[in-house]
Amino acid sequence: MTRPPEASAAPPGPSLVDTAIWCAQRGWPVLPLTPGRKVPAANCSRCSREQHTPVGCPCLQAGRWCHGFYAATTDLDRIRKWWGVQPRLGVGVSCGPAQVVVLDVDAHTSMQPQRDRLLPGITIHPHIDLAGLENGFHTLALLAAYLRQKNPCHDESTLRVETASGGMHIWYTLPHGLQLKSSSGASGAGVTAALAWQVDVRAEKGYVVAPFMRTAKGSYRPLGAARNPAPLPQWLAKELIRTGHGISSPTGSGRVSRPLSRRTDEPVDGLRRLLDDVRACSTADEGTGFTVKLNKAAFTGGGLVAAGRLSKDDAVERLTQAAESARPNQRNKIARIISDGLTAGARRPLHLEGRS
């Protein structure tokens, strides 16, 4: 994505809408955040009362913000309208459409996990002294040292932002054809979905707080002179693919391997068959086991999400579309079944080891 010529390297003006426009002019779609916080702002009363999906949301259809990154835009007229209605809205950037990946480095001092959970898939030999390793800054430095590469935290060529909690957002642009998916809360039990312990990834279907933003907990302050992301280093691209963040590879490049193997695709195919069973209920009367079939599909989806083989947003979207095609007037019931099924399924990750 090319940056519009009017985009300036100078910091935005003092108002929040200035920050939103500053980002949009760089080709970064923005979404409103709840004032003073870093969570997306809801809009319609339905959103505040109940759980529902972006599919069919009246806010999105009417050009209003809702559902976080699904509403993100670079339309300056729409941005001025949104922040004109609510000037205190914060600003987030949707990473996927912006064609950027952001390394979200946490600085939360916590107890060091076992060695095999620090760098997914990399064995850290017992003779290596890990005394003092406490946060994402340390594990990212450890990864860079292991691969004999420059620590991204010290990469002055790219946009780096100190977060309100003392962490860091490290921004990079993606090479043409490469798509990456976000980590899913991977600093804890789901560490295998992260780049490293306390280093999450924000990419497709993920967002970050915009540079220069202020929240109730502090500021997001750019570091150094760089105000634009640099190209993603090849070694980081390979590591992101290796740790399961790949969606597609750069066109014509043999240097970054295809992220999805046959074994990765098969569980999603299995979910697809269950969703076909749910859709088939559309041609049958009540009493055809719709609830049981949807719950089974949601349980399977939860297992795939827990195993890092499907994002939760993808699972919810697929399940909802299939269910609403069969029972369009049961949205509340559908949302409840999906939520319960995903939660139950998440307790049994579907790794499918040994399947060919």
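Since the structure is predicted, the reported quantities are computational estimates derived from the model, not experimental observations.

Trainee: Give a detailed account of the nonpolar core, specifying residues and quantitative values.
Mentor: Formed by 34 residues in total, the largest nonpolar core has its most connected members in Val 101, Leu 140, Ile 170, Leu 180, Leu 195 and Leu 232. Counting residues per element, the ones that place at least two in this core are β3 (100-105), α5 (136-146), β5 (168-173), β7 (199-202) and α6 (234-242). A per-element tally of this core places α6 first, with five residues. Not counting residues up to four positions away in its chain, the partners in contact with Leu 195 are Leu 103, Pro 120, Leu 140, Leu 143, Ser 183, Val 201, Leu 236, Glu 239, Leu 240, Thr 243 and His 245. Formed by 30 residues, the second largest nonpolar core is a distinct cluster that contains Trp 28, Val 91, Val 161 and Met 213.

Trainee: Account for the packing of aromatic side chains, with residues named and values stated.
Mentor: The tally for this structure, following the rule as stated, stands at six aromatic pairs. Relative to Phe 212, the ring of Trp 22 has its centre 5.2 Å away and its plane inclined at 90°; by these criteria the two rings are edge-to-face. Of this pair, Trp 22 sits in helix α1 (residues 16-24) while Phe 212 sits in the loop between β8 (207-209) and β9 (214-215); the two residues are 190 residues apart in sequence, bridging distant segments of the chain. Look at Trp 22 and you get buried, because its relative accessible area is 4%. What makes Phe 212 partly exposed here is its relative accessible area of 25%. Members of the aromatic cluster, each reached through a chain of ring pairs, are Trp 22, Trp 28, Trp 171 and Phe 212.

Trainee: Account for the pattern of salt bridges, with residues named and values stated.
Mentor: By the definition in use, this model includes nine salt bridges. Its salt-bridge partner being Arg 80, residue Asp 77 comes within 3.9 Å of it at the nearest N-O pair. On the criterion of helical spacing, the pair formed by Asp 77 and Arg 80 is a turn pair, its members being three residues apart in helix α4 (residues 76-85). By relative accessible area, which is 59% here, Asp 77 ends up exposed. Arg 202 is paired through a salt bridge with Asp 200; the nearest N and O atoms lie 3.6 Å apart. Judged by relative accessible area, which is 18%, Arg 202 ranks as buried. Through salt bridges with shared partners, one network takes in Asp 104, Asp 200 and Arg 202.

Trainee: Break down the packing of helix α8 (residues 290-306) against helix α9 (residues 312-326) for me, citing the residues and quoting the values.
Mentor: One can describe the packing of α8 onto α9 by two numbers: an axis separation of 9 Å at closest approach and a directional angle of 165°. Between α8 and α9, the angle is such that the two are roughly antiparallel. Judged by the sense of rotation from one axis to the other, the crossing of α8 with α9 is right-handed. Across from Phe 290, Leu 294, Ala 297, Ala 298 and Val 305 in α8, the residues of α9 making contact are Lys 312, Ala 315, Leu 319, Ala 323 and Ala 326. In terms of residue class, the contact of α8 with α9 is made up of nine nonpolar, no polar and one charged.

Trainee: Before we move on, could you go through the sheet that holds β8 and cite the residues and values that matter?
Mentor: Reading across the sheet, the three strands line up as β1-β2-β8 and stay open at both edges, with antiparallel pairing between neighbours. Of all strands in the sheet, those with a lone pairing partner are β1 (30-33) and β8, marking the two edges. In this sheet, neighbouring strand axes are inclined to one another by 35° on average, regardless of whether the strands run parallel or antiparallel. On top of the sheet, α4 reaches β1 and β2 (90-94); it is set at about 5° to β1, its chief contact.

Thresholds applied
- Residues numbered from 1 in each chain as written.
- Predicted model: local features only at pLDDT ≥ 70, side-chain atom pairs only at ≥ 80, totals over all residues.
- Heavy atoms only, no water.
- Core = buried A, V, L, I, M, F, W, Y, C linked by side-chain atoms within 4.5 Å.
- Buried < 20%, exposed > 50% of the residue type's maximum accessible area, 1.4 Å probe, protein only.
- Helix = DSSP H or I, 4+ residues; strand = E, 2+ residues; numbered from the N terminus.
- Contact = heavy atoms within 4.5 Å.
- Phe/Tyr/Trp six-rings, centres within 6.5 Å; stacked < 30°, edge-to-face > 60°.
- Salt bridge = Lys/Arg side-chain N within 4 Å of Asp/Glu carboxyl O.
- Axes fitted to C-alpha atoms, helices over the stretch in contact; angles between N-to-C directions.
- Parallel < 35°, antiparallel > 145°, perpendicular 65-115°, else oblique.
- Left-handed = near helix turned anticlockwise from the far one by under 90°.
- Nonpolar A, V, L, I, M, F, W, Y, C, P; charged D, E, K, R; others polar.
- Pairing = 2+ DSSP bridges.

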